[in-house]
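Fold and contact review
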2 protein chains.
Amino acid sequence: MKIDKLSFVDRAAAQLRNEIVHGRLLPAERLTEIVLSERLGTGRGTVRAALSILESEDLIVRQPYSGWSVRDVSEKELWETYTLRGALEGLAARLVAAAVDETIEAGITAAFERLQSAQSGKDGAERVDADLNFHRTIVNLAGHASLTRQYFGLSNKVEWLYRWSETHWPSRIDLTSWHRPIVEAILARDPFAAERAVQVHGEASLADDLRDFSELRRQSA
Amino acid sequence: MKIDKLSFVDRAAAQLRNEIVHGRLLPAERLTEIVLSERLGTGRGTVRAALSILESEDLIVRQPYSGWSVRDVSEKELWETYTLRGALEGLAARLVAAAVDETIEAGITAAFERLQSAQSGKDGAERVDADLNFHRTIVNLAGHASLTRQYFGLSNKVEWLYRWSETHWPSRIDLTSWHRPIVEAILARDPFAAERAVQVHGEASLADDLRDFSELRRQSA
DNA sequence: CGATTATCGATTGTCGACAATCGATTATTA
DNA sequence: TAATAATCGATTGTCGACAATCGATAATCG
């Protein structure tokens, strides 16, 4: 019988990824292999391999012979992440809209309904989860393995930035109205409109986050 | 003084990447760490880290406790790679077209002129290089670090598939006419048209490669 | 005193040894 | 004999030790 438990490396990577994305490891925070090795109870080589994975996901940065650190947050980082997401998710939306069937319809509808519930509820964390889930759902329904793979890393960055901004400046955007155009375009089987809706959504999200961020900058300055 | 020579890991990764992209390591070929370790004259841990990098670039595949192998070529692989390239390069073209200045104009023009020279020349390898260079130039001019990074890995896959098809079925497409619409849209500072031109080009390239590939399949069957 | 060089502690880079797992082959047994 | 279990060689997974490099600080020298 084949056992498919995760390797130590994958588990270490998952834990560190989680800590970064949820802000328990702060932006620009220094990461030393031996310290992490002791904290995670695993060898340094293992930690090193895990850090290498997170580097390939662009969550951390390495300076040779000097050290690793969590990426820093900046306006440019926000802009790059959101524009990139627009491009990948735009492709996904186009593909999904061109291949709507029962499965896709059910998946999109369920994700959108979850958004609506979260919108009326008071749970801030669930709002964030539902939002991220909606976008990931679209990508996963596109039937494009490489895209799903690429998007995985990017969506972690999005989640990281999203939670960061949410922690410091909780947003009150209307999840339902912000996402409805995407749902409608997909269900209308209009690839071009779906791609466009995703891009518009991305630009609006970016503007929203950028406003929060510069406000935050102003306060701490 | 700071020495910035590449680490053993990076050098090993570069060499293996090169061998895969140029087809010296065949699609689906099995890679064993100890063998590579002896061939590259470096430790197994180093090779392992290099393989891990190549895996994150989607050039090779790992099966836990079983081994590594070069990715296999398939219609789906071709479709995914080219559609993904279209999305990323589309974003790049849009950004470039929206920010045309002397530098961009010079860069695009130079890349296009190289294409034209290669077109009239007889050197098949130079045709491929010039083509790949043109696309990479657009992305590099977009001023988008994350995009450049993501595109790096993807462009290696494109190069790999391109050379694979070129080896087995040299193409005689007209490089100049295939790329001129992109150049014109960018120089006309029309972001929308530039993105569209890139997508159209991508679809045509895909169709071209797919035709070669199925022909190859037919022959070996 | 200012600039260059040597030293030192801390951290990463590299390697080989040992353990865990896999897949195939052989042995066992109902 | 066919199905199941034990064995074995090959390969990957994990770890700790040692070497290389960095940045800062102290020492040297004009």
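This structure is a prediction, so every number in the text was calculated from the model and none was measured.

**Observations regarding the protein's contact with DNA strand D**
In the vicinity of DNA strand D lie 22 residues, with Phe8, Thr42 and Thr46 of chain A together with Arg44 and Arg48 of chain B positioned nearest. The share of sugar and phosphate among atoms of DNA strand D within 4 Å of the protein is 76%. Backbone polar atom of Phe8 of chain A to a phosphate oxygen of DNA strand D: 2.5 Å apart, as the coordinates give it. Where the surface near DNA strand D is concerned, the elements lending two or more residues are α1 (8-21) and α3 (44-56) of chain A together with α3 (44-56) and β3 (67-70) of chain B. Among the residues making up the surface near DNA strand D, the classes are represented as eight nonpolar, seven polar and seven charged.

**Concerning unusual backbone geometry**
All names here are of chain A. Not every positive phi belongs to a glycine, and Asp58 is a case in point at roughly 65°. Here Asp58 shows up in the loop between α3 and β2 (60-63). You can call Asp58 buried: its relative accessible area is 8%. Backbone geometry places Arg189, a non-glycine residue, at a positive phi of 60°. You can see Arg189 is positioned in the loop between α8 (175-187) and α9 (191-220).

**Thoughts on the protein's contact with DNA strand C**
Taken together, 22 residues sit near DNA strand C, with Arg44 and Arg48 of chain A together with Phe8, Thr42 and Thr46 of chain B positioned nearest. In the interface set of DNA strand C, defined as its atoms within 4 Å of the protein, sugar plus phosphate atoms amount to 76%. Between DNA strand C and Arg62 of chain A there is a distance of 3.5 Å, counted from a phosphate oxygen to a side-chain nitrogen or oxygen. The contact in question runs from a phosphate oxygen of DNA strand C to an N or O atom on the backbone of Phe8 of chain B, over 2.4 Å. Among the elements of the structure, α3 and β3 (67-70) of chain A together with α1 (8-21) and α3 of chain B are those that each provide at least two residues to the surface near DNA strand C. Tallied by class, residues from the surface near DNA strand C come to eight nonpolar, seven polar and seven charged.

**A few points about the relation of the copies chain A and chain B**
Expressed as a screw transformation, the operator carrying chain A onto chain B has a rotation angle of 180° and an axial translation of 0.0 Å, and the superposed copies differ by an RMSD of 0.0 Å. Read as a symmetry element, the transformation amounts to a two-fold axis. When C-alpha distances to the rotation axis are compared across chain A, the minimum falls at Ala87 of chain A, with a value of 2.8 Å. Both copies present the same face, since 100% of the interface residues in chain A are matched by interface residues at the equivalent positions in chain B.

**Quick word on the domain arrangement of chain A**
Residues and elements named next belong to chain A. Splitting chain A by domain gives domain 1 (8-70) and domain 2 (75-220). A straight line from the C-alpha centre of domain 1 to that of domain 2 covers 27 Å. If you look at the interface, domain 1 gives 10 residues, while domain 2 gives eight residues. Of the roughly 840 Å² buried where domain 1 meets domain 2, counting both sides, 70% is carbon and sulfur surface. Among the residues of domain 1 in contact with domain 2, Val21, Pro27 and Glu57 are the three that bury the most area, contributing 49% of the side total. Inspection of the region where domain 1 meets domain 2 yields one salt bridge.

**Some thoughts on the interface of chain A and chain B**
Where the parts come together, the accessible area they lose is often given as the size of the interface. Counting residues at the interface gives 24 residues for chain A, matched by 24 residues for chain B. Around 2200 Å² of area is buried between chain A and chain B when both sides are counted, 49% of it from carbon and sulfur atoms. Of all residues in chain A, the largest losses of buried area upon contact with chain B belong to Leu84, Arg149 and Gln150 of chain A, amounting jointly to 24% of the total for that side. On inspection of chain A and its partner chain B, the count reaches two salt bridges. With a shortest N-O distance of 3.1 Å, Arg149 of chain A and Asp58 of chain B are connected by a salt bridge. The interface formed by chain A and chain B contains 16 residue pairs in polar contact (both at pLDDT 80 or more). If you tally residues by element for the side of chain A that touches chain B, the top one is helix α4 (residues 75-97) of chain A, at 10 residues.

**Quick look at the side chain of Ser155 of chain B**
Position of Ser155 of chain B among the secondary structure elements: in helix α7 (residues 145-168). Of the polar contacts made by the side chain of Ser155 of chain B, one reaches the backbone oxygen of Phe152 of chain B; its length is 2.9 Å.

**Describing the sheet that holds strand β1 (residues 30-31) of chain B**
All names here are of chain B. Reading across from one edge, β1-β3-β2 is the order of the three strands in this open sheet, with antiparallel pairing throughout. The outermost strands of the open sheet, each flanked by one partner alone, are β1 and β2 (60-63). As paired elements, β2 and β3 share four bridges and run antiparallel to each other. Residue pairing for β3: Gln63 is matched across the bridge by Gly67.

**Some words on the packing of helix α8 (residues 175-187) of chain B against helix α9 (residues 191-220) of chain B**
Residues and elements named next belong to chain B. α9 packs onto α8 with a crossing angle of 170° between their chain directions and a minimal axis gap of 8 Å. Considered as vectors, α8 and α9 are oriented roughly antiparallel to each other. Once α8 is placed against α9, the crossing between them reads as left-handed. In contact with Trp178, His179, Pro181, Ile182, Ala185 and Ile186 of α8, α9 contributes Ala193, Ala194, Ala197, Val198, His201, Ala204, Ser205 and Asp208.

The rules behind the values
Going along each chain's sequence as written, the residues are numbered from 1 onward. Each chain takes a letter, starting from A, and each ligand takes a number, starting from 1, following the order in which they are written. Only residues with pLDDT of at least 70 are given local features in this predicted model, and only at 80 or more are side-chain atom pairs given and counted; all residues enter the totals for whole chains, interfaces and linings. Calculated side-chain values reflect all of the structure's heavy atoms, with hydrogen atoms and water omitted. Note on definitions. A residue lies near a molecule or strand when any single heavy atom of the residue is within 4 Å of it. We define a polar contact as two N or O atoms separated by no more than 3.5 Å, with the added condition that, inside protein, one atom must be a possible hydrogen donor and the other a possible acceptor, whereas residues neighbouring each other in sequence contribute only through side-chain atom pairs. A run of DSSP states H or I qualifies as a helix once it reaches four residues; a run of E qualifies as a strand once it reaches two. Both are numbered from the N-terminal end. Residues were grouped as follows: Ala, Val, Leu, Ile, Met, Phe, Trp, Tyr, Cys and Pro as nonpolar; Asp, Glu, Lys and Arg as charged; and all remaining residues, including Gly, as polar. Here's how the labels work: a residue is buried when its accessible area is under 20% of the maximum for its type, exposed when over 50%, partly exposed in between, all with a 1.4 Å probe on protein chains only. Alignment of the copies relies on least squares applied to C-alpha atoms, considering only residues that score at least 70 for pLDDT in both. Note on contacts: a residue pair is in contact if any heavy atoms of the two residues lie within 4.5 Å. Note: domain ranges come from an automatic or database domain assignment. A quick way to say it: buried area is the sum, across both parts, of accessible area lost when two parts are put together, with a 1.4 Å probe. Salt bridges are defined by distance alone: a side-chain nitrogen of Lys or Arg within 4 Å of a carboxyl oxygen of Asp or Glu. When DSSP finds at least two bridges between two strands, those strands are taken to pair. To obtain each axis, a line is fitted to C-alpha atoms, and for helices this fit is confined to the stretch in contact; angles are then taken between N-to-C directions over 0 to 180 degrees. Roughly parallel means an angle under 35 degrees; roughly antiparallel, over 145; roughly perpendicular, 65 to 115; everything else is oblique. By definition, turning the near helix anticlockwise from the far helix through less than a right angle yields a left-handed crossing, and turning it clockwise yields a right-handed one.

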